[in-house]
Amino acid sequence: MKSFFKLFSILILAFGIANADPISQSVNKNGYDVNLTSEKSLVMGSNVLYVKVTKDNKSVTDAKAKIKFFMPKMPGMPYMEFEDKAKLVGDKYKLDVNFSMGGTWQYQLKVKTSDGKIHKIRGSVNL
Ligand SMILES: [Cu+2]
């Protein structure tokens, strides 16, 4: 039993450290590389995320990107979600994300490229 608790606290610690890192995720499909990053670890309040789309090592600037954050229904709290459409700034897409409350938020990034393909990145953050 003692070792179980030890393992459990190590897991919590590992999870906490993982969540303290900024977001950095990539997906590669149909020759496109889509990369989602955050300036720093996500916090309550405002956050900035960037989406970089490249093909053959060249920036793709005619894609559409949007991100959805959602939290499943919990005791005493309804399902919540919000979306942000990315704005092209230079050669990457900027997302402004504002969290009104802490907890575990799941997200889904969707990028539509000019060939009509959708590129998705999913994940979750714990605030
Ligand atoms: Cu909630």
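Residues numbered from 1 in each chain as written. Predicted model: local features only at pLDDT ≥ 70, side-chain atom pairs only at ≥ 80, totals over all residues. Heavy atoms only, no water.

## Quick look at the pattern of salt bridges
So, step 1. Following the criterion strictly, the structure yields 4 salt bridges and no others.
So, step 2. Across the salt bridge formed by Asp-91 and Lys-52, the nearest N and O atoms sit 3.3 Å from each other. Of the two residues, Asp-91 sits in the loop between strand S7 (87-89) and strand S8 (92-99) while Lys-52 sits in strand S3 (residues 45-55), which places them 39 residues apart along the sequence.
So, step 3. Residue classification places Asp-91 among the partly exposed positions, given a relative accessible area of 35%. (Salt bridge = Lys/Arg side-chain N within 4 Å of Asp/Glu carboxyl O. Helix = DSSP H or I, 4+ residues; strand = E, 2+ residues; numbered from the N terminus. Buried < 20%, exposed > 50% of the residue type's maximum accessible area, 1.4 Å probe, protein only.)

## Notes on the coordination of the copper ion
So, step 1. For the copper ion, the full set of protein donor atoms is Met-71 (SD) and Met-77 (SD), and the range of their distances to it is 2.1 to 2.2 Å.
So, step 2. Among the residues examined, Met-71 registers a relative accessible area of 1% and is labelled buried. (Donors = N, O, S within 2.8 Å, 3.2 Å for Na, K, Ca; no water.)

## Some words on the nonpolar core
So, step 1. Leu-36, Val-51, Ile-67, Phe-69, Leu-95 and Leu-109 are the most contacted members of the largest nonpolar core, which totals 25 residues.
So, step 2. Not counting residues within four places of it along the chain, the set of residues in contact with Leu-95 comprises Leu-36, Asn-47, Val-48, Leu-49, Val-51, Ile-67, Asp-84, Lys-85, Ala-86 and Leu-109. (Core = buried A, V, L, I, M, F, W, Y, C linked by side-chain atoms within 4.5 Å. Contact = heavy atoms within 4.5 Å.)

## A closer look at the packing of aromatic side chains
So, step 1. All told, the structure shown has 7 aromatic pairs when counted by the stated rule.
So, step 2. With a centroid separation of 5.4 Å and an interplanar angle of 45°, the aromatic rings of Phe-69 and Tyr-107 are classed as tilted. Linking Phe-69 in strand S5 (residues 64-71) with Tyr-107 in strand S9 (residues 104-112), this pair joins segments that are 38 residues apart in sequence. The pair Phe-69 / Tyr-107 is uniform in exposure class, with both members buried.
So, step 3. With 5.7 Å between their ring centres and 75° between their planes, Phe-82 and Phe-99 make a pair best called edge-to-face. (Phe/Tyr/Trp six-rings, centres within 6.5 Å; stacked < 30°, edge-to-face > 60°.)

## Things to note about the side chain of Ser-38
So, step 1. Structurally, the position occupied by Ser-38 is in strand S2 (residues 32-38).
So, step 2. From its side chain, Ser-38 meets the backbone nitrogen of Ile-23 in a polar contact 2.8 Å long.
So, step 3. Only 2.8 Å separates the side chain of Ser-38 from the backbone oxygen of Lys-40, close enough to count as a polar contact.
So, step 4. Setting aside its immediate chain neighbours within four residues, Ser-38 contacts Pro-22, Ile-23, Val-48 and Leu-49. (Polar contact = N/O pair within 3.5 Å; in protein donor to acceptor, adjacent residues only side chain to side chain.)

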